[in-house]
Amino acid sequence: MHLSHIAQMFADGNFQAPMLIHDQAPPGVPTLQRLKAAIRPR
């Protein structure tokens, strides 16, 4: 459940979850933001 929710957030272009969990943006977030149109939930 949790991972599917995160996957959907990422697919929607919302990359704030790692920020809330880790208190910092993990490596790769700028790339995810740039390529968000290619991210699809399974």
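Just above sits the structure.
What this report covers is the structure whose coordinates are included nearby.

Some points on the overall build of the protein
Thought 1: Helix and strand content of the protein: three helices and zero strands.
Thought 2: Taken as a whole, the protein presents about 3500 Å² of accessible surface, with 59% of it coming from carbon and sulfur.

Quick word on the nonpolar core
Thought 1: Of all hydrophobic cores here, the largest spans six residues; its members are Ile6, Met9, Phe10, Phe15, Ala17 and Val29.
Thought 2: Per-element accounting of this core gives the leading share, three residues, to helix α1 (residues 2-11).

Side note on the environment of Arg34
Thought 1: Following the sequence through the fold, Arg34 ends up in helix α3 (residues 29-34).
Thought 2: When the C-alpha positions of Arg34 and Gly13 are compared, they lie 9.4 Å apart, and in sequence the two are 21 residues distant.

Basis of the calculations
Residues numbered from 1 in each chain as written. Predicted model: local features only at pLDDT ≥ 70, side-chain atom pairs only at ≥ 80, totals over all residues. Heavy atoms only, no water. Helix = DSSP H or I, 4+ residues; strand = E, 2+ residues; numbered from the N terminus. Areas by Shrake-Rupley, 256 points an atom, 1.4 Å probe, with all protein chains shown as cover. Core = buried A, V, L, I, M, F, W, Y, C linked by side-chain atoms within 4.5 Å. Buried < 20%, exposed > 50% of the residue type's maximum accessible area, 1.4 Å probe, protein only.

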